[in-house]
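Coordinates in review
Residue strings, one per chain:
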Amino acid sequence: LMRSSAASDVYKRQVYGCRVKNKSLYLTKERIEMKSIKKYVGIFLLALCLIGTMQAVPCKAASLNSNVNGIVKSQVLPEDTKEVKLQKLFQYTEKTYGYKRQIGFKNKKGWAKTYAQKMIKSKKGSCYHFAAVYGYLAKKATGYKVRVAVGQTKGFSGSWQPHAWTEVKVKGKWYIFDTNMDKFKAKSKMKYYNMLKTSKAAKKVYKNKGVKYVNIK
């Protein structure tokens, strides 16, 4: 009986040892698998970050295009003439957006897109924002050549001051569409809508020298 008991103890120790050893191996294998999973997850997340960074600029452009499309579809009819579309969107811009002063404007590449998008989102902006947003709306609705002009005007105070407005080329001639001036100076009387750039009235209000343009595409 003593021998049998001793043998039993040895057997138990051997079996228990194997179990402990196997459990240790299992835990070690599990840790390795978890480390591998974390490694691949980290690589995957890093890849997503890099893709997001590379696509940041195109996403902004697509967002502006989508917003402009939505506004045009909601404000004009397919059967409207191009002139009617210009007028409807001019009135929409005056009615929808309010004024917020812009301090320290810089004529950097791509500013028109940025300002148009900000105007759509915040519903407030300066003359630069008004000119940019109407420029994109007019371009989308008509397909005409459209540009945003950055120059000077004396339409507000009688003295020359920095200003921006939209210009549209219709039948070979450039016309001024100044939503900002029309809303706050003329009180939305359409005085600064479809104004021939070479007319005497335009020359009295807008300085032709030193004007810089941004073509809307």
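Summarised in this report is the structure supplied together with it.

Parameters and conventions
- For every chain, the first residue of its written sequence is number 1, and the numbers climb from 1 along that sequence.
- Two thresholds apply to this predicted model, a pLDDT of at least 70 for residue-level local features and 80 or more for giving and counting side-chain atom pairs, whereas whole-chain, interface and lining totals are computed over all residues.
- Note: side-chain values were computed over all heavy atoms of the structure, leaving out hydrogens and water.
- Secondary structure counts use DSSP, requiring at least four H or I residues in a row for a helix and at least two E residues in a row for a strand, with both numbered from the N terminus.
- The rule is simple: take the accessible area with a 1.4 Å probe, protein chains only, and divide by the maximum for that residue type; under 20% is buried, over 50% is exposed, in between is partly exposed.
- Whether two residues are in contact is decided by their heavy atoms: any pair within 4.5 Å suffices.
- Helix axes are fitted to C-alpha atoms over the stretch in contact, other axes to C-alpha atoms as well, and angles between N-to-C directions run from 0 to 180 degrees.
- Working rule for angles: under 35 degrees goes down as roughly parallel, over 145 as roughly antiparallel, 65 to 115 as roughly perpendicular, anything else as oblique.
- Amino acids are sorted into nonpolar (Ala, Val, Leu, Ile, Met, Phe, Trp, Tyr, Cys and Pro), charged (Asp, Glu, Lys and Arg) and polar (every other residue, Gly among them).
- An expected span of 1.5 Å times one less than the residue number is assigned to each helix.
- Strand pairing is assigned whenever DSSP identifies at least 2 bridges connecting the two strands.
- By definition, any crossing whose near helix is turned counterclockwise from its far helix by less than a right angle is left-handed, and any crossing with a clockwise turn is right-handed.

Note on placement: Tyr-115 falls in helix H4 (residues 111-122). Among the residues examined, Tyr-115 registers a relative accessible area of 10% and is labelled buried. Along the backbone, Tyr-115 and Val-133 are 18 residues apart, and their C-alpha atoms lie at a distance of 7.4 Å. Apart from the residues within four sequence positions on either side, Tyr-115 is in contact with Gln-102, Phe-105, Tyr-128, His-129 and Ala-132.

Where H4 contacts helix H5 (residues 127-142), the axes come no closer than 8 Å and their chain directions differ by 95°. Judged by the angle between their axes, H4 and H5 are roughly perpendicular. Every residue of H5 that contacts H4 at Trp-111, Ala-112, Lys-113, Tyr-115, Ala-116, Lys-118, Met-119 and Ile-120 is listed here: Tyr-128, His-129, Phe-130, Ala-132, Val-133 and Tyr-136. For the contact of H4 with H5, the per-class residue count stands at 11 nonpolar, 1 polar and 2 charged.

Glancing now at helix H3 (residues 82-96). The terminal C-alpha atoms of H3 lie 21 Å apart, and with 15 residues this matches the ideal 21 Å at 1.5 Å per residue to within 8%. Along H3, the positions that sit buried rather than exposed are Lys-85, Leu-86, Leu-89, Phe-90, Tyr-92, Thr-93 and Glu-94.

What follows covers the sheet that holds strand S3 (residues 145-153). The strands making up a sheet associate through hydrogen bonds between their backbones, and the pairing can be parallel or antiparallel. If you trace the 5 strands from one edge of the open sheet to the other, you get S6-S5-S4-S3-S7, paired in antiparallel fashion. Every other strand in the sheet has two partners, leaving strand S6 (195-196) and strand S7 (212-216) as the edge strands with one partner each. In this structure, S3 lies alongside S7, joined through 5 bridges in antiparallel fashion. Bridged to Val-148 within S7 is Val-214.

Checked against the element boundaries, Met-181 lands in helix H6 (residues 179-184). Residue Met-181 is classed as buried on the basis of its relative accessible area, which comes to 0%. Not counting residues up to four positions away in its chain, the partners in contact with Met-181 are Thr-153, Gly-155, Phe-156, His-163, Ala-186, Tyr-192, Val-205 and Tyr-206.

Their axes nearest at 10 Å, the elements H3 and H5 cross at an angle of 150°. The angle between H3 and H5 places the two elements in the roughly antiparallel class. For the element pair H3 and H5, the recorded crossing hand is right-handed. Residue-level inspection shows Lys-82, Lys-85, Leu-86, Leu-89, Phe-90, Tyr-92 and Thr-93 of H3 in contact with H5, the latter providing Phe-130, Val-133, Tyr-134, Leu-137, Ala-138, Ala-141 and Thr-142.

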